[in-house]
Structures are given as C-alpha cells and as structure tokens.
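Observations on the three-dimensional arrangement
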Amino acid sequence: MTTTPQKALGFFGEDADFATLSEVTDAARAGLSPDVRDFLDGGAGREVTLRRNRQALDRWAYRPRVMTGLGVPDLATSFLGIPLGLPILTAPFGADGLFHPEGHRAVARANAAEGAVSIVPEAGTHCLEAVAEAAPVAARIAQVHPMGRPANFFALLHRIEDAGYDAVCVTVDCPTAGWREGNRRHRFNLDPAVISGNYPASGPVALDEVFGQLFTRTEPVWTWAELGERMATTRLPWMAKGVLTAEAASAAVDAGASAVLVSNHGGRQLDGTPAALDQLPEIAAAIGDRAQIALDSGIRSGSDVVTALALGAEVVVIGRLAAYGLAAAGGAGVRRVHQLLRDEMRTILTLLGAGSVRELGPAFLQEVRP
Ligand SMILES: Cc1cc2nc3c(=O)[nH]c(=O)nc-3n(C[C@H](O)[C@H](O)[C@H](O)COP(=O)(O)O)c2cc1C
C-alpha cells in the first residue's frame, strides 16, 4: 500500500519573513537610532491623544454573523475616484529618507504592487515628480501645507497637476509644529536634506520660506475661505486632512473639499484632542453624502481597519505602520505590511460574516462598557 505524504496545513505563506506586523515594527525600531525612533514613534505633549487613539479602537467589539454562505471577502473600493485593491492609503509622512534612502519612491512602488495608493508629502525627501515617476499608478494624491505666500502655493499646485496626480490632500491641522517632548529631549533637529525634495537649494523657493513657517510663525493662519478660493484654482479634487469636529468637516466641505481625513495627525500635533475614531460618527452625520471620509491615527492591524470602516470611514490611512515597513526592509517591508493587513482583513471579514468592505457598518459593532 502506498501512502501519499501529508501536506502541512500552516498559518504561513511561502514567505515566513515578518509573519506579523509586530515583527515588522520590532525590526524597524531595532534599526533606528534612538532620536529617529522617538521622532517616528512619539506624539505631542504628554501623549494623551496618542494613547486615546489606541484606547478608542480597543473599545469596540464585533457582532459576528455566522453561517452566512459568503465566499472570499472583497476588499476593493474606490476613493476620490481612484480605484483601490484594498481600502488603504499610505500617509504623507515627511522626512522619509530617515527611514530608507528611497523613501516614498519605495512606498509608492510597494503600493502599486499591492493595490494601495500613496499620499505623497510636501516635506518629503524626494520631489513629487520623482515619486510619481517611480510608480505612477500609486502616486495619485499629493499633500500640501496651506501656508506661506499664495504664489508659492499656486506654483506647487501646478507642479502637482503637471506630474499627473489625481487629487490633493491639504493638511489643515499643522499651522505650527506640535510640541514634541521626545524630540526636545533628544535635541532633535530635522536635517534639511530629508525634507527638501520639493525645495532643493538650487530651486526658486527657499526651504525655510515654506517650512520655516512651521516653527516661527510670522503670518496669520489661512482661513477656510482663503483655502477654498486658492483650491478653486486647481481642477483636482481635494481632501482636508486633520479634521476632528463636525464644524470643521462642514467648513471643509463648504470650502469645496470632496473628502475629509478624520485625523489627529497620529497624536503628533495638538495633545488633548479626542481619538480620531471617536469623532467619526459626528463627522459622518454632519457631512452625510456630501463628501467622502477617510480616517487615520492609531491604525495598527487589519482588525483596526475593519473597525474604522464599520464606523463610517471609506478608507484608512496608515502612517507609522508604513514607515515601520519602510525602515524594516524598504519597499519589501511596506509590501509585507500591506500583505499582512490584507490577509488579516480577509480573516476578520470571514469570521465577522461580511462579504465586502463596502457592506461594513455599525451593525457589526457594539461598544464595550468599561
Ligand atoms: C514620521 C512622520 C512624519 C509625518 N509627516 C507629516 C507631514 O509632513 N504632513 C502631514 O500631513 N502629516 C504627517 N504625518 C502624519 C501622518 O500623515 C498621519 O496623519 C499619521 O501618521 C497617522 O497616524 P498613525 O501614524 O498612527 O497611522 C507624519 C507622521 C509621521 C509618523
């Protein structure tokens, strides 16, 4: 009698490198100097908001549907007219060259391979044109700071259009840099080389003319009306990043935003603000179907993505997770982050009894009483 060798039933795919997101994070942290590690990990002030982001995500419990007859869950969606293979955008984290020399060029290539999309930072190591050239299918949204001389801002919008981007992300919660205790303890100053991709020394706009504003404010903060007028000069749709209240979300939509990114900047700007997740319901109620909703701040797992989508976000933005992937293994590390998120999301949706990310809603959740 011949016997067929039994095949192992495993939890791993072929590639067991970085079997979990915590392994990616650990590898990233191990390779960074203490000051850069703190710049990446840390938050503003006493890090109350940083902690709140996690507490809010952990407060929700699933209400699973069982015996549903459903097949493999569908993760595809679209945002600002851009099709996505999974409901994930990578955040515009500046100073990306601190984590890997290829920075957002590597992030964009990884996104292209895994069906995600990049929000490319204005304060990046590589210029927005170079990131677009690295992976045009993924480099679709360019982030800008609404500050400085309007002429410089218009010039930046023209560059974004000319480079083929489909949308603009305007960061509204950063009129000045947050009070970061960790950076101060380390006497950490950003090397101009890692944030000057868009403003090289040989270029027409000096770096400190744009980003100097973040540290030494000499001009008033722009108003929604000014932002609306200035954004009306581009044909591209735009999203307001850093919205935390129904009032700000309504003002953004009234000013012409097609989407809002509910975010407290990963707890890095104003300490003491609520968790981004906790603000989703009031913002969803305020804007209805007038604009799309994204969420970031605290997302560390596929389960977190599912919770945020069930509470009303259409896509989720990952900041530190993507940066950890980049620091751990360059573009391959970012790809691994997406693969692990995707596989975990499929598992969660199957166990939860949801056929696709688009059908998630509050009926799949209940709040855990403390
Ligand atoms: C190292 C680092 C640099 C960042 N730089 C920027 C930036 O230049 N512009 C911006 O709008 N947000 C910036 N952010 C915030 C992210 O875009 C995003 O809102 C935040 O990381 C989301 O929270 P999470 O890290 O918990 O996912 C940065 C975040 C990190 C970690």
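Residues numbered from 1 in each chain as written. Predicted model: local features only at pLDDT ≥ 70, side-chain atom pairs only at ≥ 80, totals over all residues. Heavy atoms only, no water.

Right, let's talk about the sheet that holds strand 5 (residues 117-120) for a bit. Reading around the barrel, the eight strands line up as 4-5-6-7-8-9-10-11 and close back on themselves, with parallel pairing between neighbours. Strand after strand, the sheet turns through a mean of 30° between neighbouring axes, direction not considered. Each of strand 8 (238-243) and strand 9 (259-262) touches helix 11 (residues 246-254); the most contacted strand, strand 8, lies at about 165° to it. (Pairing = 2+ DSSP bridges. Helix = DSSP H or I, 4+ residues; strand = E, 2+ residues; numbered from the N terminus. Axes fitted to C-alpha atoms, helices over the stretch in contact; angles between N-to-C directions. Contact = heavy atoms within 4.5 Å.)

In the contact formed by helix 1 (residues 21-31) and helix 14 (residues 320-352), the axes pass within 9 Å of each other and the chain directions differ by 175°. Relative to helix 14, helix 1 is oriented roughly antiparallel. Contacts between helix 1 and helix 14 involve Leu21, Val24, Thr25, Ala27, Ala28 and Arg29 on the former and, on the latter, Leu321, Tyr324, Gly325, Ala327, Ala328, Val337, Leu340 and Leu341. Residue composition of the contact of helix 1 with helix 14, by class: 11 nonpolar, two polar and one charged. (Parallel < 35°, antiparallel > 145°, perpendicular 65-115°, else oblique. Nonpolar A, V, L, I, M, F, W, Y, C, P; charged D, E, K, R; others polar.)

Next up on the list: helix 12 (residues 276-287). Compared with the 16 Å implied by 1.5 Å per residue over 12 residues, the 16 Å span of helix 12 between its first and last C-alpha is a close match. Within helix 12, burial applies to Ala276, Leu277, Gln279, Leu280, Ile283 and Ile287. In a view along the axis of helix 12, the buried residues occupy a sector of 130°, so they form one face of it. Glycine 288 sits one or two residues past helix 12 and shows a positive phi near 50°. (Expected span 1.5 Å × (residues − 1). Buried < 20%, exposed > 50% of the residue type's maximum accessible area, 1.4 Å probe, protein only. Arc of directions from axis to C-beta.)

Another aspect to go through is the packing of aromatic side chains. Aromatic ring pairs: the centre-centre distance and the angle between the two ring planes describe each pair. Summed over the entire model, instances satisfying the criterion amount to four aromatic pairs. Between phenylalanine 153 and tryptophan 222 the ring centres are 4.9 Å apart and the planes differ by 80°, which places this aromatic pair in the edge-to-face class. Highlighted residues: phenylalanine 153 in helix 6 (residues 150-162) and tryptophan 222 in the loop between helix 9 (207-211) and helix 10 (224-231), separated in sequence by 69 residues. Take phenylalanine 153: its relative accessible area is 3%, and that puts it in the buried class. Of note, arginine 65 hangs over the ring of phenylalanine 364, and the distance from its end group to the ring centre comes to 4.0 Å. Just above the ring of phenylalanine 39 sits the side chain of arginine 268; from NZ or CZ to the centre is 5.1 Å. (Phe/Tyr/Trp six-rings, centres within 6.5 Å; stacked < 30°, edge-to-face > 60°. Lys NZ or Arg CZ within 6 Å of the ring centre and 35° of its normal.)

Looking now at helix 6. The end-to-end C-alpha distance of helix 6, which contains 13 residues, comes to 18 Å, matching closely the 18 Å that a straight helix rising 1.5 Å per residue would cover. Along helix 6, the residues classified as buried are Asn152, Phe153, Leu156, Leu157, Ile160 and Glu161. Structurally, helix 6 contributes buried residues whose contacts are with helix 5 (128-134), strand 6 (139-144), strand 7 (167-171), helix 9 and helix 10. Glycine 164 sits one or two positions beyond helix 6 and adopts a positive phi of about 90°.

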